[in-house]
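# Summary of structural features
Spelled out, the chains give:
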Amino acid sequence: MNDVVHLERVGATGLIGLNNPPVNAASHALRQAILEAVEALEADPKIDVIALYGKGRSFIAGADIREFGKPPKDPWLPALCNRLEACAKPVISVLHGAALGGGLEVALATHARIAVPGVAIGLPEVTLGIIPGAGGTQRTPRLTGVAAALDLITTGRHIDAEQALALGLVDRVVTGDPRDLALQAAGDMRRGDLPTRRTGDLDTKPDDAALAKTAAELRKTRAHLFSPHRCVEAVAASTLPLPEGLARERALFQDCLDSPQRAGLIHAFFAERAVAKIPEAVTRPRDIGRIGVIGAGTMGSGIATACLLAGFPVTLVEKNADALGRGQSAIVGNLDGAVRRGKLTSEKRDTLDLIASTDMARLDGVDLVIEAAFEDMEVKKQIIEQVEKICPGAILATNTSYLDLNDIAATAASPGDVIGLHFFSPAHVMRLLEVVVGDATRPEVVATGFALAKRLRKIAVRAGVCDGFIGNRIMNHYRKAADHLMLDGASPEQIDAAIRGFGFAMGPFEMSDLAGLDIGHANRRRLDATRPEAERYVAVADRLVEAGWLGRKTGKGFYLHGADTGPNPDIAPIIEAERARHGVSPRPFTDEDIVARYMTAMISEAARVYDEGIALRPIDVDAVLLFGYGFPRHHGGPLHHADTLGAARLVERIETYATEDAHFWQVPAILRRMAAEETTFADLNREG
C-alpha cells in the first residue's frame, strides 16, 4: 500500500479513499494502490462490501498527463478495471467532483455507482485523438444503450449527475460527504436496498440504426478526423461477449495511439498548460476590484461581458450616448444568452455590477482600465494620457490588434503600468488572450494580466511587441499567400475548400467575409506607407470594398449571403483585371498545392516570430493559432505541424517557391539552422 490510498475497515465495510492530489489522476501509483487495497479487502473475511471514494476535489478526474506518451506500467488501467469487476465482493464507487475518462471507466467496472450533485461525468478521450481504452466503449452501451453511448463517446462531452442517472450510468444521486455516502451505500447494499451487478454481464441491445446514423454524421462533419470513427467501431463491438469486445476496443485504441492526429491533439492539450509558464509567474499579481472598459462597440461590450461573467464590477465608458446604449443592449443580450445556456443564473445576472456612462471621470477608483477604442494610434495615446490622470496607479491596458505598445506606453507618466490585452472577437466567447509585454511593462503587471485571464477562463499567451504581435502578424503573412494563389490561378472557392479539407472550419476568403472586408481594408491602408515596392500587392479585396461589398454585413463579398448563396459571380472580372495588371497568366493548382503553399507561409512567419523572441516558445505560437485562429487541433499548431514535415523539406519547399516570388518566399534563418542540426521545434520546446 502507498500513501495515495487511505484504507479503512469500518465494521464490515472496506473503504478505499483515493488521495492523489490535486484531482486523483489515475497514475501508476494510484492504480497499484487500488489493486493492492481491493485484493487485501477481498481476502479479509470480516469485510463483505468494498467502497471507493475520492478524498479532496474529485473521484478520479482522468489519466495522469505526466504519463502521456510513455509505455504503460502494470497494473495498466484495463487490467485494474477488469479486476474490480471480477472482485468476489461487491464494490461501490462514489463519484464527486469529476469522474472523467479513466475515472469513469473505473466506476463502470464497479458493481454500483453513487453520484454526488455537481459531479462532471464523461469520456473525453476523443478530444485527445484516442478512444476510451479501459472498457468505456464496452461497458457504457451496456448501461445506456448504443445511441446514448455513441453521443457521449464521440463528442467527449461532460454530463451532470442527473443526466447520468437518467441514462443509467449511475444508480443514485445523493447529496453528502463522499465517505459518508460510501458507508451509507454499503449499508443499503446489505439490506438489499441497493442492487449490485457486473456491468460486463449485461447485454448490449443491438442498434444498427444508431450506429449507421452516427457513422454517417461523422463522415459528413468530421471526415478528416480519425478517432471519432474508431469510437463507432468500438461501440459496435459491445454486442460481443465482453472479452471479445475489450480486445476489439484495445486494438482500435492502439490504432489511435499510432495516428499522427493523436500526437497533434496531445500537443494541443499541453499547449493550453504550457503557455502559463512565464518569467513573471514568480511575481505576485496586483489585486483587481473594479474594471473599466472604454468603448462600447462590439469588442468593448464583449470585454465588459467577459468581465461581468467572471464576477468583476465593470464601469463602461463611451463618449457617444447612442453608442453607449447599443453597447448596453449588447451586454444584456450576451448575459441573457448565458442564462439560456445555463452558464449564469437569472438571480446572479441581476446582481452583476455594471455602470455605464459617457463621463470618463466615472473611471475614478478602478484598478484596471481596458481601452477598446478605434484602432488609431493618436486616439489610443489620448485615452491613456487622460485615463492615467483620472485613476493614477491603475493598470492601463490597450486592446490594440496591431499598434506599437511601446509607442502607446511612451505617452504615459508610468509606462510600466501599460500592457496590451488583445482580446479576440467575440471577446466573451473566444478563449485566447494575447498579453502583450512592452519594454517598460512591470513584471507584476504582466502577472496581473495572466491572473485576469485565468479569472476570465481564457488562455493567455505572452507576446512581445511587433506589428500584429503573434497571431495577426502570422495571419497577415499566410493571408497574402492566399491572395497570391488567387492571383496566380486558383479561385477563392477552391482555396477555401482546400483549407477546409486540411481541417479549418473556414477558408481565408470565407473568414474575410465573416469578419467584414472593411477590417482588412483599414489595416492595409495603415500599412500603405511602409509597403515595399517589390511586394506583389493583390488589390481584389480593395475593389470589393470600393464596390460596397463588405461580406456578410452587406450580403455580398467573395460570396453571396442573401437569398442566393455561393461564390460571388461578379468577382471573376475583378480577378481577371488584377491578373492583367500584374501580367499573370493563370495556371491550375491542386488542393495539395494550395495547402502546401498556405501552410508553408504560416510556418515561415511563425518560425520568424519565435526566432525574434516575440513568442517565448514554439508551443506558444501553436497555442495562439489553435485557440484564436481556428487552427485544426489534430494538427497541433503550425510549428508542431512543421515537425511532421521536417525543417529540410520546408527549406527546400520555400526555396522552390522563391524562384517565382523571392520577396515573399524567404527561408527563415531558424529553419536553416534546424535543417543543418536536424533538430525540431519539439526540441526547442523542451529547451524552453
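Structure first, text after, so check above.
Our subject in this report is the structure included herewith. Here, residues in each chain are numbered from 1, in the same order as that chain's written sequence. The predicted origin of the model limits local features to residues at a pLDDT of at least 70 and limits the giving and counting of side-chain atom pairs to 80 or more, whereas totals for whole chains, interfaces and linings rest on all residues. Side-chain metrics rest on all non-hydrogen atoms present in the structure, leaving aside hydrogens and water.

Every helix listed is a DSSP run of H or I at least four residues long, and every strand listed is a run of E at least two residues long, numbered separately from the N terminus. Multiply 1.5 Å by the residue count of a helix minus one, and that product is the helix's expected span. In this model, helix α15 (residues 377-390) (14 residues) spans 20 Å end to end at C-alpha, consistent with the 20 Å of a helix rising 1.5 Å per residue. Using a 1.4 Å probe on the protein chains alone, a residue whose accessible area is under 20% of its type maximum counts as buried, one over 50% counts as exposed, and one in between counts as partly exposed. Those residues of α15 that sit buried are Met377, Lys380, Lys381, Ile383, Ile384, Val387, Glu388 and Ile390. For this analysis, residues touch if any pair of their heavy atoms sits within 4.5 Å. Where α15 is buried, its residues touch β10 (291-294), β13 (368-371), β14 (395-398) and α16 (405-409). Whenever a nitrogen or oxygen atom comes within 3.5 Å of another N or O atom, the pair is scored as a polar contact, on the condition that within protein one atom can donate a hydrogen and the other can accept it, and that pairs from neighbouring residues in sequence are kept only if both atoms are in side chains. Looking at where α15 begins, the residue whose side-chain oxygen comes 3.1 Å from the main-chain nitrogen of Glu378 is Asp376.

It is worth spelling out the pattern of salt bridges at this point. A side-chain nitrogen of Lys or Arg and a carboxyl oxygen of Asp or Glu constitute a salt bridge if their distance falls within 4 Å. Scanning all chains against the criterion turns up 50 salt bridges. Among the ionic pairs, Arg197 bridges to Asp171, the shortest N-O distance being 3.9 Å. Of this pair, Arg197 sits in the loop between α7 (178-191) and α8 (208-221) while Asp171 is found in the loop between α6 (161-167) and β9 (172-173), placing the two residues 26 residues apart along the sequence. For Glu576, the salt bridge goes to Arg579, with nearest N and O atoms at 2.9 Å. Placement of both Glu576 and Arg579 in helix α23 (residues 571-582) is noted, with a separation of 3 residues, approximately one turn of the helix. Taking the relative accessible area as the measure of exposure, Arg579 reaches 7% and is therefore buried.

So, on to the packing of aromatic side chains. Between the rings of Phe, Tyr and Trp (Trp by its six-membered ring), a pair exists once the centres lie within 6.5 Å; its type follows the angle of the planes, with under 30 degrees stacked, over 60 edge-to-face, and the other angles tilted. Summed over the entire model, instances satisfying the criterion amount to 10 aromatic pairs. Their ring planes at 80 degrees and their centres at 5.6 Å tell us that Phe269 and Phe270 sit as a pair that is edge-to-face. Aromatic pair Phe504 and Tyr598: ring centres 6.4 Å apart, planes at 85 degrees, arrangement edge-to-face. In this pair, Phe504 sits in the loop between α19 (492-502) and α20 (508-515) while Tyr598 sits in helix α24 (residues 591-611), placing the two residues 94 residues apart along the sequence. Comment: the charge-over-ring label is applied if NZ (Lys) or CZ (Arg) is within 6 Å of the ring centre and within 35 degrees of the ring normal. The side chain of Arg230 reaches across the aromatic face of Phe226, ending 4.4 Å from its centre. In this structure, Arg455 packs its charged tip against the face of Phe312, placed 3.9 Å from the ring centre.

For the bond from Asp74 to Pro75, the omega torsion is -5 degrees, close enough to zero to count as cis. As for its placement among the helices and strands, Pro75 is situated in the loop between β3 (49-54) and α2 (77-86). Backbone torsion omega between Ser425 and Pro426 reads -5 degrees, so that peptide bond is classified as cis. Looking at the secondary structure, you find Pro426 in the loop between β15 (418-423) and β16 (432-436). Phi at Arg457 takes a positive value of approximately 60 degrees, unusual for a residue other than glycine. Mapped onto the elements of the fold, Arg457 is located in the loop between α17 (443-455) and β17 (459-463). Of note in this structure, Glu678 is not a glycine but carries a positive phi near 55 degrees. You can see Glu678 is positioned in the loop between α28 (669-677) and α29 (681-687). The class of Glu678 is exposed, set by a relative accessible area of 72%.

Another point: the nonpolar core. Formed by 102 residues in total, the largest nonpolar core has its most connected members in Ile470, Phe558, Val621 and Leu671. When residues in this core are grouped by element, the largest group, 12 residues, is from α24. With residues up to four places along the chain from it excluded, the contact list for Phe558 reads Arg479, Met486, Pro492, Phe509, Asp513, Leu517, Val540, Ala541, Leu544, Pro567, Asn568 and Ile571. Core analysis: the second largest hydrophobic core is formed by 63 residues, Leu35, Leu169, Ala210 and Val232 among them. Here, nonpolar core means buried Ala, Val, Leu, Ile, Met, Phe, Trp, Tyr and Cys residues that are tied together by side-chain atoms lying within 4.5 Å of each other.

Here the focus is helix α3 (residues 102-109). Judged by how many residues are buried, α3 sits mostly within the fold: 8 of 8 residues are covered. The complete set of buried residues in α3 reads Gly102, Gly103, Leu104, Glu105, Val106, Ala107, Leu108 and Ala109.

Attention now goes to the sheet that holds strand β12 (residues 354-357). The sheet built from 8 strands is open, its strands ordered β12-β11-β10-β13-β14-β15-β16-β17 with mixed pairing. Strand pairing shows two members of the sheet lacking a second neighbour, β12 and β17, which therefore form its edges. Strand after strand, the sheet turns through a mean of 25 degrees between neighbouring axes, direction not considered. Here a strand pair is declared whenever DSSP counts at least two bridges between the two strands. In terms of strand pairing, strand β11 (residues 314-317) meets β12 through 4 bridges, oriented parallel. Its bridge partner being in β12, Leu316 is matched across the sheet by Ala356. On top of the sheet, α17 reaches β10, β13, β14, β15, β16 and β17; it is set at about 155 degrees to β17, its chief contact. As a rule, the C-alpha atoms of each element are fitted with a line to give its axis, helices using only the stretch in contact, and angles between N-to-C directions run from 0 to 180 degrees. Packing of helix α25 (residues 618-628) onto the sheet brings it into contact with β16 and β17, and relative to β16 it is tilted by some 140 degrees.

Right, let's talk about a positive patch on the surface for a bit. A patch consists of residues exposed above 30% relative accessible area that lack any salt bridge, with like charges linked at up to 9 Å and nonpolar side chains (Val, Leu, Ile, Met, Phe, Trp, Tyr) linked at up to 5 Å. Each accessible area is a Shrake-Rupley result for a 1.4 Å probe, and residues are judged covered by the shown protein chains and nothing else. Under this rule, positive means Lys or Arg and negative means Asp or Glu; His and the chain ends count for nothing. The atom standing in for a charge is NZ when the residue is Lys, CZ when it is Arg, CG when it is Asp and CD when it is Glu. A contiguous patch of positive charge on the surface is contributed by Arg340, Arg341, Lys343 and Arg457. If you trace the backbone, Arg341 turns up in the loop between α13 (321-340) and α14 (346-349).

Another aspect to go through is the environment of Arg543. With respect to the helices, strands and loops of the structure, Arg543 is situated in helix α22 (residues 540-546). Between the C-alpha atoms of Arg543 and Gly688, which are 145 residues apart in sequence, the distance is 45 Å. A distance of 2.8 Å separates a polar atom in the side chain of Arg543 from a polar atom in the side chain of Glu546.

To continue, consider the packing of α24 against α28. At a minimum axis distance of 8 Å, the contact between α24 and α28 shows a crossing angle of 90 degrees. By the angle between their axes, α24 is roughly perpendicular relative to α28. Along its contact with α24, which presents Ala607, Tyr610 and Asp611, the element α28 presents Ala669, Ile670, Leu671 and Arg673. Three residue categories are used. Nonpolar comprises Ala, Val, Leu, Ile, Met, Phe, Trp, Tyr, Cys and Pro, charged comprises Asp, Glu, Lys and Arg, and polar comprises the others, including Gly. Its residues assigned to classes, the contact of α24 with α28 shows 5 nonpolar, no polar and 2 charged. Each angle gets one of four labels, with under 35 degrees taken as roughly parallel, over 145 as roughly antiparallel, 65 to 115 as roughly perpendicular, and the rest as oblique.

Glancing now at the side chain of Thr315. Tracing the backbone through its elements, the reader meets Thr315 in strand β11. The residues contacting Thr315, other than those within four sequence positions of it, are Arg290, Ile291, Gly292, Val293, Ile355, Arg362, Leu363 and Val366.

Without other data, these values stay purely geometric and don't point to any function.
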